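The primary structure of each chain is shown beneath.
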Amino acid sequence: MSSSLFNEIPAGIPDPILGVTEAFRADNHPSKVNLGVGIYQDTDGKVPVLEAIKRAAEIWATSEDNKSYLPIDGVPGYNLATQELIFGKGSPLIAEKRIATIQSVGGSGALKLAVDFIKKFFPNTTLVLSDPSWENHRVIFEAAGMKVGTYPYYDPKTNGLKTPEMLSSLRQLPSGTTVLLHACCHNPTGVDLPMESWEEIATICQERNLIPFIDCAYQGFGDGLEADAAPIRMFADKHLTFFVASSYAKSFSIYRERVGALSVVTGSAKETANVISQLKRIVRTIYSSPPSYGAQLVGIALSNPELRSLWETELAGMRERIQKMREVFSTRLRDLLPDRDFSFILKQKGMFSYSGLSADVIRELRERYHIYALESGRICVAAMNHKNMDYICDAIATIVGKR
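Residues numbered from 1 in each chain as written. Predicted model: local features only at pLDDT ≥ 70, side-chain atom pairs only at ≥ 80, totals over all residues. Heavy atoms only, no water.

Right, let's get into the overall build of the protein chain. Check the secondary structure of the protein chain and you find 15 helices and 13 strands. On C-alpha atoms alone, the protein chain measures out to a radius of gyration of 22 Å, which is about the 22 Å that the 2.2 N^0.38 rule sets for 403 residues. Along the first, second and third principal axes, the C-alpha set of the protein chain runs to 65 × 65 × 55 Å. Counting all 403 residues of the protein chain, 55% fall into the buried class. A separation of at least 24 residues holds for 75% of the contacts in the protein chain among residues at least 6 apart in sequence. Of the roughly 18,400 Å² of accessible surface on the protein chain, a fraction of 52% belongs to carbon and sulfur atoms. (Helix = DSSP H or I, 4+ residues; strand = E, 2+ residues; numbered from the N terminus. Rg over C-alpha atoms; globule rule 2.2 N^0.38 Å. Buried < 20%, exposed > 50% of the residue type's maximum accessible area, 1.4 Å probe, protein only. Contact = heavy atoms within 4.5 Å. Areas by Shrake-Rupley, 256 points an atom, 1.4 Å probe, with all protein chains shown as cover.)

Right, dumping it as structure tokens:
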């Protein structure tokens, strides 16, 4: 038998998040809990199918009349609805055609399209991430050939921000550096920037001629749709040009449909047309045209007044349930470990929390109690419910209390 083409290929390094999920699935313990995966779950531990999506699916089932390819840049109505959601329905940017929006294969696809564009047209740029940032940010950007650095962000001593160090670092960046920012619900820490810091960052980007790149994966999970978009709209009001990667996976609980978008704020309608044409060329080299189903449902839900109202109510319910879990988690840990301060958990926003638990504690939680989380200490608060909360908190208290 001839030698295989693949016998010298080594095993790939497991993704830290997906690896936790795979280990969780292989575990047969009846009390196992997965706090590692970034997916919203309801009070029964299930990923919900929103009623707004169900009704949009019914509308689409009776209105779809062909199975031809979509345009390379995606569903037009979906792209417009995305612009209105992020930048505001009355945004002058939309009227002036200064936003180039292209449907993407999820939020990760939007990041990929943006970094390929940046690498092509700003070849000398370095991209800097918050320290820490979502693990896949660095992977996506380095795979595209981008040099990736970091700027100070999270302070484990205070469970808050390193604001002076962050602003000082940004002020020292070379002109033309790309800066990745989290619009809201910072992943992995849950610690968001206040608006005054956003204002300073916008000024720094203008003065240093930096390239702002905002990842908006959780709009609506922080303080609400409008408040979560405020930093992006402020950048637009200051006449900055920048990139926004967005996702509907969380806000519509539509993970498997891979529904996202890349929006590029330009200086003119002519620039928008040029940017769109170049993004189309990039799409053509990867997947040619996007999938239809998920984007059609989101587009219908956003543009239909009745479904839009229903979706906003459902989204508020998810946001409020997460906040309630934060309150219960913090209170329960305070009662079990009165010498430890877990109040910082209440100040965090979105699905994730940097819990302050060490890697040793996380490993013991997995080995002794079958509770899975990332060794960084990031946990998904959205995976907690009243059925598993006491089990999680009792396990944490047992381990931490003996250290």
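Ordered by their spatial adjacency, seven strands build an open sheet running S2-S10-S9-S8-S7-S3-S4, and the pairing between neighbours is mixed. Two strands lie at the open edges of the sheet, namely strand S2 (99-105) and strand S4 (147-152), each paired on one side alone. Geometrically, the sheet is characterised by an average inter-axis angle of 25 degrees between neighbouring strands, direction not taken into account. Sheet analysis places strand S9 (residues 242-247) next to strand S10 (residues 259-265), joined by six bridges and oriented antiparallel. (Pairing = 2+ DSSP bridges. Axes fitted to C-alpha atoms, helices over the stretch in contact; angles between N-to-C directions.)

In the structure shown here, the tally under the stated rule is 15 aromatic pairs. Ring geometry for Tyr154 against Tyr354: centres 5.0 Å apart, planes inclined by 90 degrees, an arrangement best described as edge-to-face. A residue pair is termed long-range when its members are at least 10 positions apart, and Tyr154 in strand S5 (residues 154-155) and Tyr354 in strand S11 (residues 352-354) qualify at 200 residues. For the residue pair Tyr154 and Tyr354, the accessibility class agrees, reading buried in each case. For the pair Trp198 and Phe235, a centre-to-centre distance of 5.8 Å together with 80 degrees between the ring planes defines the contact as edge-to-face. Here Trp198 is found in helix H8 (residues 195-208), whereas its partner Phe235 is found in helix H9 (residues 225-237), with 37 residues between them in sequence. Residue classification places Phe235 among the buried residues on the basis of a relative accessible area of 0%. Following the ring pairs from residue to residue traces out a cluster consisting of Phe117, Phe121, Phe141, Phe213 and Phe243. Across from the ring centre of Phe24, 4.4 Å away, lies the NZ or CZ of Lys32, which sits over that ring. We note Arg378 situated over the ring of Phe352; from NZ or CZ to the ring centre the distance is 3.9 Å. (Phe/Tyr/Trp six-rings, centres within 6.5 Å; stacked < 30°, edge-to-face > 60°. Lys NZ or Arg CZ within 6 Å of the ring centre and 35° of its normal.)

On to the packing of helix H14 (residues 359-369) against helix H15 (residues 389-401), then. As a packed pair, H14 and H15 sit with axes 10 Å apart at the nearest point and diverge in direction by 120 degrees. Relative to H15, H14 is oriented oblique. Crossing geometry of H14 relative to H15 is assigned as right-handed. Each of Val361, Glu364, Leu365, Arg368 and Tyr369 in H14 lies in contact with H15, whose residues at this interface are Tyr391, Ala395, Ile396, Thr398, Ile399 and Val400. (Parallel < 35°, antiparallel > 145°, perpendicular 65-115°, else oblique. Left-handed = near helix turned anticlockwise from the far one by under 90°.)

Turning our attention to the side chain of Ser104. Inspection of the secondary structure assignment puts Ser104 in strand S2. According to the relative accessible area criterion, Ser104 is buried, its value standing at 0%. With residues near it in sequence (within four places) discarded, Ser104 still touches Gly109, Ala110, Leu113, Arg258, Val259, Gly260, Ala261, Leu262 and Tyr287.

Everything listed here is a matter of coordinates, which is why it stays silent on function.
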